[in-house]
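One letter stands for each residue in the lines below.
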Amino acid sequence: MDRLLWCDESLLPGEVNILQQPGVRLYDGEDRTPFENGILQLTSHRVIWDDQDQDGRTVCLHHSLVVRLEDVRGSLTKSHKVASFLRPAASSRDTSQAVTMTSRHGYVRFSFRKGGQSEFLSAYQQQMAKKLWELPQIKALPSKPVAQPRTARGAPVRSGIMGIERTMEAKRLETDKNISEAFQDLSALMEKAKEMVALADSVTRKLEEKKGTLTDDETTALKSYLLSVGIANPVTRETHGSGATYHRELAKQLAVFLEAQLKDNGGIMTMQDIYCRFNRARGMELVSPEDLVNACQNFQSLKLPVRLRKFDSGVLVVELLSHDEDSLLKGLQSQVTDSTSMSADELAQLSNISIMLAKERLLLAESKGFLCRDDSVEGLRFYHNRFVEV
């Protein structure tokens, strides 16, 4: 503490603020000090501690006195700290502003009771490496007077209100020009995007025709690329009106889009997954969650190959009409039997589905008598139901 000086909050020439952290306590080595609660400010030249409870009580430590910094990890009862190990005090130093005349410790510690220790230590080490306090101070050169524009007769030009209005009008015209150019670029991009989507549809049709000539990995990769391209002519309110007509047309397009997606995901998907994938494929023509649900409610009346389903828990999913639930549940029962027991997150990882859908499958299998549960402190787990075999 004998190398800390009393000071004020004003900065030295060339000194700049870096960051500050409230709720910091000072220690003289391992010893506690009266400096209990203050704001620790890091600058390019010093660390400054300013008391939050008492005005005019400010001390500082210059970076040139610091040899190294050390991170002192805390515990449940002790806060994180930063230790600054200091150079030996010079015998010829000025002690008029010193906080104490002597100290039996060669380091001080800053205790961060409100967190922020890691960020402060990182910034502190960066400033120590830069050594900006060693750079010579450059005095600012006197600025030259700027020549004022004058008329042909030598009189200074006075813009006035008319000049301000002309400047504002010029800025407005420039802004309009930039916006027009931006929309022209966007229109050209959209035209190219439509061509790319049409090409993607053509590739998809050819892929179906040549099914079996590509490997599974090649087919999966190609489908992911096609999905990223999007839908060629998305159904919108501008093209199909609003209300029931819009929802019916949207349902038809959604069914075509989902048929391949559902086949790749076990025949069933949650509405959250569908919402994300469908809007990603539509690009800028996004669909609201409400419109998506209304469109799905038209699947059955339009006799489409998919259907909307609601589990007892309220979770909405879309599944293929060809989805065989009994076979799925029997396969799930075999998986649980082989693993002795299974949780929702384990099934999600094993089947590559969301945890929400995995939990619904397990609960459905339980309601059908295929599984039974064990709800304990370890969580909810499902087992093969042997009670029905007794």
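Model, not experiment: these values are computed from the prediction.

## A look at the packing of helix H8 (residues 325-338) against helix H10 (residues 355-367)
To describe two helices that pack against each other, one gives the angle between their axes and the distance between the axes.
(1) Moving on: Direction vectors running N to C along H8 and H10 enclose 100°, while the axes themselves pass 10 Å from each other. The angle between the axes of H8 and H10 places the two elements in the roughly perpendicular class. Across the interface between the two elements, Glu 325, Leu 328, Leu 329, Leu 332 and Val 336 of H8 pack against Arg 361, Leu 362, Leu 364 and Ala 365 of H10.
(2) Moving on: For the contact of H8 with H10, the per-class residue count stands at 7 nonpolar, no polar and 2 charged.

## Describing the sheet that holds strand E15 (residues 379-384)
(1) Moving on: Taking strand neighbours across the sheet as the criterion, the 3 strands line up as E13-E15-E14 in an open arrangement whose pairing is antiparallel. Pairing within the sheet leaves two strands with one partner each, and these edge strands are strand E13 (341-342) and strand E14 (371-376).
(2) Moving on: Against the sheet, H8 contacts E13, E14 and E15, and its axis sits at roughly 105° relative to E15.

## Looking at the packing of helix H6 (residues 271-282) against helix H7 (residues 289-296)
(1) Moving on: Two elements in contact, H6 and H7, have axes separated by 11 Å at closest approach and are oriented at 110°. Comparing the axis directions of H6 and H7 gives the class roughly perpendicular. When H6 is examined against H7, the residues Met 271, Ile 274, Tyr 275 and Phe 278 are found in contact with a partner set consisting of Pro 289, Leu 292, Val 293 and Cys 296.
(2) Moving on: Looking at the contact of H6 with H7 residue by residue, the class counts come to 8 nonpolar, no polar and no charged.

## Structural notes on the packing of aromatic side chains
(1) Moving on: Applying the stated criterion across every chain yields a total of 6 aromatic pairs.
(2) Moving on: Ring geometry for Phe 35 versus Trp 49: centroids 5.3 Å apart, planes at 85°, classification edge-to-face. Of this pair, Phe 35 sits in the loop between strand E3 (31-32) and strand E4 (38-43) while Trp 49 is found in strand E5 (residues 46-51), placing the two residues 14 residues apart along the sequence. The pair formed by Phe 35 and Trp 49 is uniform in burial state, with each residue classed as buried.
(3) Moving on: Ring geometry for Phe 112 versus Phe 120: centroids 5.4 Å apart, planes at 55°, classification tilted.
(4) Moving on: Looking at Phe 112, the relative accessible area reads 3%, which means it is buried.
(5) Moving on: In textbook terms, an aromatic cluster arises when at least three aromatic residues are bridged by ring pairs, as seen for Trp 6, Phe 35 and Trp 49.
(6) Moving on: A cation over a ring is seen here: Lys 81 above Tyr 27, with NZ or CZ 5.7 Å from the ring centre.
(7) Moving on: The aromatic ring of Tyr 27 is capped on one face by Arg 109, whose charged end is 5.1 Å from the ring centroid.

## Some remarks on the environment of Thr 236
(1) Moving on: You can see Thr 236 is positioned in the loop between helix H3 (216-229) and helix H4 (237-240).
(2) Moving on: When its relative accessible area of 9% is taken as the criterion, Thr 236 is described as buried.
(3) Moving on: Measuring from C-alpha to C-alpha, the distance between Thr 236 and Leu 286 comes to 8.9 Å, with 50 residues separating the pair along the chain.
(4) Moving on: Sequence-distant contacts of Thr 236, that is, excluding residues within four places in its chain, are made with Gly 241, Tyr 246, Arg 282 and Glu 285.

Reading guide: rules and limits
- Residues numbered from 1 in each chain as written.
- Predicted model: local features only at pLDDT ≥ 70, side-chain atom pairs only at ≥ 80, totals over all residues.
- Heavy atoms only, no water.
- Axes fitted to C-alpha atoms, helices over the stretch in contact; angles between N-to-C directions.
- Helix = DSSP H or I, 4+ residues; strand = E, 2+ residues; numbered from the N terminus.
- Parallel < 35°, antiparallel > 145°, perpendicular 65-115°, else oblique.
- Contact = heavy atoms within 4.5 Å.
- Nonpolar A, V, L, I, M, F, W, Y, C, P; charged D, E, K, R; others polar.
- Pairing = 2+ DSSP bridges.
- Phe/Tyr/Trp six-rings, centres within 6.5 Å; stacked < 30°, edge-to-face > 60°.
- Buried < 20%, exposed > 50% of the residue type's maximum accessible area, 1.4 Å probe, protein only.
- Lys NZ or Arg CZ within 6 Å of the ring centre and 35° of its normal.

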